[in-house]
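A structural walkthrough
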Amino acid sequence: MSNRIASAKILMIKIRRKMGLVVSSAFDFLLFQIRNLWRHSPEKKQDRKIIVYLCELIPARAGRMAKWVGRNPAFEVVLVCHQDGYVPEFAGGHFSREFTYRNAWHLKSVLQNIGHIDVIHAFAPKCFYPEIGRKFTHKPFILDMQDVVVTYHGLTPPYAWAKKELVYEKDCLTEADWVIGQSLEPRAGYLKYGIKKRPQTMFFPLFCDDDSLMPQEGKTLKDGIHVVYAGGLAGSHRDRRQFGILQFHHLIESLSRQGIHFHVYPSPSTLPPDYEEYYGIAAKNPFFHMHKPVDNDALTQELAKYHFGILPFFAEDSDLKEDKMKYATSLKMFNFLEAGIPVIISRDIFYQWWIVMRKNSGVAVSKSDIPDLGEKLRSLDYEQLQKNVDKYRRELSLSRHIPRITQLYQRLIQS
């Protein structure tokens with residue numbers, strides 16, 4: 001696929017979504033006003049506490065958390081997500097009820113129709129709709145952050161959408177009752193925005209889902225090395241300043257020259273025009289294997305087939321700010337540990353490097369190490385690495401840590 005065709009497809013998706021937003025907003029504004037002329041029924045409280053997971057773009061971690069929270073009989077977890085950001089693979093069937101909304105007015109209608117809400121647990125990015133939910137419901141509001149937009153390009157981002165987003169992100173970071181940091185980025189966000197009076201914050205890494213832990217079947221490196229990546233990626237048509245770390249063309253060439261098999265599973269949330277060209281590369285390269293997206297619940301079973309997971313994010317490949325590279329986290333790192341495979345981790349992503357290497361569960365690399373990566377991997381004690389991974393992933397099990405979330409819900413409900 002040519003870059004022009006891929007770019008045109010992305011543009012058409014954006015135009016279609018924008019037009020749908022404009023048209024539906026006018027309709028839903030009128031409908032909301034009409035309904036509220038006759039709306040007098042009070043909220044009905046239920047025995048189970050209603051926790052609304054509110055987001056514009058559903059993150060994979062939301063479904064994982066909802067599954068474990070929902071196993072507590074005290075809570076019902078309801079998903080409210082924008083229709084363009086809903087990914088069924090990430091929801092995973094773990095919510096008691098699911099609602100999608102079209103625009104801000106439709107969101108208000110959806111929240112009204114749910115009935116009594118005890119806590120809004122909002123997932124960012126983005127913060128425009130969570131901020132609407134916070135102001136509209138006046139319910140205890142948790143802001144759950146993995147990626148913080150201001151860490152990408154600072155207070156003067158080169159993209160119009162990011163400039164608008166900073167306003168709502170700052171408001172949410174300032175006004176939330178609690179902030180959950182799935183990474184260390186919220187700390188950088190507070191500093192960037194100059195927020196002095198901060199909400200109470202809980203550090204809650206993504207952790208490993210106990211249900212996804214795969215057995216380790218005594219793999220060795222004798223018959224070749226297979227490295228896997230699962231997550232977002234970008235085509236060559238994308239702006240390198242923002243997407244350079246997700247453009248894997250040079251990495252594919254380097255690994256192939258060393259006889260290393262490289263497998264890629266695109267995230268279900270990635271737009272097809274961003275990864276279709278990679279299928280063409282795989283058709284011509286016997287060492288590069290481009291797979292189809294898989295459900296989050298089935299992902300670790302796929303990853304367990306390989307020897308190493310890789311996070312090949314290097315600072316020189318894009319114009320992302322140091323804070324973004326230093327403090328960011330990604331679920332794929334925990335998915336690799338769940339699968340029982342060691343992680344090849346870039347030294348430039350400091351927080352993730354620290355998580356992996358503090359328990360010797362992988363191998364740290366710089367970009368200059370990639371041309372000789374095969375030699376480095378073959379020199380490792382792979383059996384010991386697997387043992388380290390198995391012990392570490394059990395320490396990071398989500399079941400051990402989810403009570404911190406449910407206790408926070410109870411605290412907010414009772415306050």
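Now for a quick tour of the structure. The shown structure was predicted, so the numbers you read here are calculated from the model rather than taken from an experiment.

Remarks on the overall build of the chain
The helix and strand inventory of the chain stands at 19 helices and 13 strands. Taken against the 2.2 N^0.38 rule, which gives 22 Å for 415 residues, the C-alpha radius of gyration of the chain at 22 Å falls within 12% of a compact globule. Along the longest, intermediate and shortest principal axes, the C-alpha atoms of the chain span 70 × 50 × 40 Å. The buried share of the chain, reckoned over its 415 residues, is 55%. A separation of at least 24 residues holds for 74% of the contacts in the chain among residues at least 6 apart in sequence.

Considering the sheet that holds strand S1 (residues 49-55)
Strands sit in the order S3-S2-S1-S4-S5-S6-S7 across an open sheet of seven strands; the sheet is parallel. The sheet is open, and its two borders are formed by strand S3 (97-101) and strand S7 (200-203), each paired with just one other strand. The mean inter-strand angle of the sheet, taken between neighbouring strand axes irrespective of direction, is 20°. Relative to S7, strand S6 (residues 178-181) runs parallel, the two sharing four bridges. In the sheet register, Gly181 faces S7, and the bridge partner there is Phe203.

Some points on the pairing of strand S4 (residues 119-124)
Most of S4 is tucked away: six of the six residues are buried. Side chains of S4 alternate between two faces, with Val119, His121 and Phe123 and Ile120, Ala122 and Ala124 buried alike. Relative to S4, S1 is paired through five bridges, and the arrangement is parallel. Bridged to Val52 within S4 is Ile120. With helix H5 (residues 128-137) bridging S4 and the parallel strand S5 (residues 141-145), this β-α-β connection has right-handed handedness.

Considering the sheet that holds strand S9 (residues 261-266)
Pairing within the open sheet is parallel, and its six strands lie in the order S10-S9-S8-S11-S12-S13. Looking at which strands have only one partner, the edges of the open sheet turn out to be strand S10 (288-290) and strand S13 (362-365). The average undirected angle you get between the axes of adjacent strands in this sheet is 25°. Across three bridges, the pairing between strand S11 (residues 308-311) and strand S12 (residues 343-346) is parallel. Counted as the bridge partner of Leu311 is Ile345 from S12. Taken strand by strand, helix H11 (residues 276-284) contacts S9 and S10, and its axis lies near 140° from that of S10. Contacts from helix H14 (residues 331-338) reach strand S8 (226-231), S11 and S12 within the one sheet, and its direction differs from that of S8 by about 135°.

Digging into the nonpolar core
Grouped together as the largest cluster of nonpolar side chains are 91 residues, with contacts concentrated most on Tyr53, Ile58 and Phe262. Looking at this core, the element that brings in the most residues is helix H2 (residues 60-70), giving six residues. One finds Ile120, Met145, Ala162 and Val179 within the second-largest nonpolar core, a separate group that totals 34 residues.

Rules behind the numbers
- Residues numbered from 1 in each chain as written.
- Predicted model: local features only at pLDDT ≥ 70, side-chain atom pairs only at ≥ 80, totals over all residues.
- Heavy atoms only, no water.
- Helix = DSSP H or I, 4+ residues; strand = E, 2+ residues; numbered from the N terminus.
- Rg over C-alpha atoms; globule rule 2.2 N^0.38 Å.
- Buried < 20%, exposed > 50% of the residue type's maximum accessible area, 1.4 Å probe, protein only.
- Contact = heavy atoms within 4.5 Å.
- Pairing = 2+ DSSP bridges.
- Axes fitted to C-alpha atoms, helices over the stretch in contact; angles between N-to-C directions.
- Right-handed = clockwise from strand over helix to strand, strands pointing away.
- Core = buried A, V, L, I, M, F, W, Y, C linked by side-chain atoms within 4.5 Å.

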